[in-house]
Amino acid sequence: MSDPATTTATAETVIDWSKRIDKPKPPRVLAIANQKGGVGKTTTAINLGTALAAIGEQVLIVDLDPQGNASTGLGIDRRNRRHSTYDVLCGEATLREAVLPTAVPRLSIAPSTLDLSGLELQIGQERDRAYRLRTALAPLNAGQPDAPDFNYVLVDCPPSLNLLTVNAMAAANAILVPLQCEFFALEGLSQLLKTVDQVKENLNPGLTIHGIVLTMHDARNNLSNQVAADVRQHMGSKVYETMIPRNVRVSEAPSYGKPVLVYDLKCVGSEAYLRLATEIIQREKELRAGRVD
Ligand SMILES: Nc1ncnc2c1ncn2[C@@H]1O[C@H](COP(=O)(O)OP(=O)(O)O)[C@@H](O)[C@H]1O
Ligand SMILES: [Mg+2]
């Protein structure tokens, strides 16, 4: 029989060791979602991602749109998309294997390919179909010696409330909703919020709305101002103070495979995305301190 004193000492040593190993911190996962197309989801994923990286955060964009606009807009050639998010969600590659660096320091992307549009047919009958992204994200920060841990994961969702968007919502800590300042904006929002509630109830009880960002705002246009005022009246403090103005530089940048912050740092679009990143980090602090829900 072993000496009890030795046994205790050994146990204590083990406990001491376990304390000294830093547990990898999971990233904050924000799903950028709105079932409407053309409202600024991808533009927000690319430029908010770039702005957060510029502030010093390690950011991963997960492209969950089969169109792959986030991947193309960040200059990722289709031929270089060796492993895509389709492979990841099918369980054929790890998320780390799909991650590619971008030209922006601290910003990486897991690119998508058109295969992703067939995902529902492929895994639609599987019991874990809604949790594929969540499962893939779990080991992301498992202490790779030569790869940095990510602080933020931004998931660029497709323009639909399909299985891909549900995967994003089931994996996310919070949802960020880009809302275009146009007449039907609020109508689409109520449908989106219903889906968020359903996901919360059935798949991800901790899910919250991080915030709503008004996009393509045109201060000279009465309708644009009226919509912004209505959304603020209905959604209160959930609407970020920062509005993204309609700005031609923002729409030109993707054709050069660059975020607008790289294409033209001084334009009003870049300034707005930098302000949004600061506001999001501030809200993150408040969420962590439990001051907002
Ligand atoms: N602030 C903006 N100013 C001008 N054009 C914009 C702005 N935000 C987005 N766009 C343009 O609007 C179109 C739709 O934006 P996108 O981000 O692709 O929307 P989504 O991902 O929601 O479909 C794109 O051509 C994009 O370049
Ligand atoms: Mg898009």
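I will try to describe carefully the structure that is included in this document. (Residues numbered from 1 in each chain as written. Chains lettered and ligands numbered in written order. Predicted model: local features only at pLDDT ≥ 70, side-chain atom pairs only at ≥ 80, totals over all residues. Heavy atoms only, no water.)

**Comments concerning the packing of aromatic side chains**
Here is step 1 of the chain: For the structure shown, the criterion picks out 2 aromatic pairs.
Here is step 2 of the chain: Centroid distance Phe183 to Phe184: 5.1 Å. Interplanar angle 70°. Geometry classified as edge-to-face.
Here is step 3 of the chain: Geometrically, the ring pair formed by Tyr256 and Tyr263 is stacked, given 5.0 Å between the ring centres and 20° between the ring planes.
Here is step 4 of the chain: You can call Tyr256 exposed: its relative accessible area is 53%. (Phe/Tyr/Trp six-rings, centres within 6.5 Å; stacked < 30°, edge-to-face > 60°. Buried < 20%, exposed > 50% of the residue type's maximum accessible area, 1.4 Å probe, protein only.)

**Overview of the site of ligand 1**
Here is step 1 of the chain: Around ligand 1 there are 14 residues in total, and Gly38, Lys41, Thr42, Thr43 and Pro245 lie nearest to it.
Here is step 2 of the chain: Between ligand 1 and Gly38 there is a distance of 2.7 Å, counted from an oxygen atom to a backbone nitrogen or oxygen.
Here is step 3 of the chain: Here Asn247 contributes a backbone N or O atom positioned 2.9 Å from a nitrogen atom of ligand 1.
Here is step 4 of the chain: Where the shell around ligand 1 is concerned, the elements lending two or more residues are helix H2 (41-55) and helix H11 (248-252). (Near = heavy atom within 4 Å. Polar contact = N/O pair within 3.5 Å; in protein donor to acceptor, adjacent residues only side chain to side chain. Helix = DSSP H or I, 4+ residues; strand = E, 2+ residues; numbered from the N terminus.)

**Points about the state of the cysteines**
Here is step 1 of the chain: The tally for this structure, following the rule as stated, stands at 0 disulfides.
Here is step 2 of the chain: For the unlinked cysteine Cys181, the closest cysteine sulfur is that of Cys267, found at 17 Å.
Here is step 3 of the chain: Residue class for Cys267 comes out buried when judged on its relative accessible area of 7%. (Disulfide = S-S within 2.5 Å.)

**What about the pattern of salt bridges?**
Here is step 1 of the chain: Per the stated rule, a full pass over the model turns up 8 salt bridges.
Here is step 2 of the chain: Between Arg132 and Asp128 there is a salt bridge; the shortest N-O distance is 3.0 Å.
Here is step 3 of the chain: Looking at Arg132, the relative accessible area reads 15%, which means it is buried.
Here is step 4 of the chain: Using a relative accessible area of 35% as the deciding quantity, one classes Asp128 as partly exposed. (Salt bridge = Lys/Arg side-chain N within 4 Å of Asp/Glu carboxyl O.)

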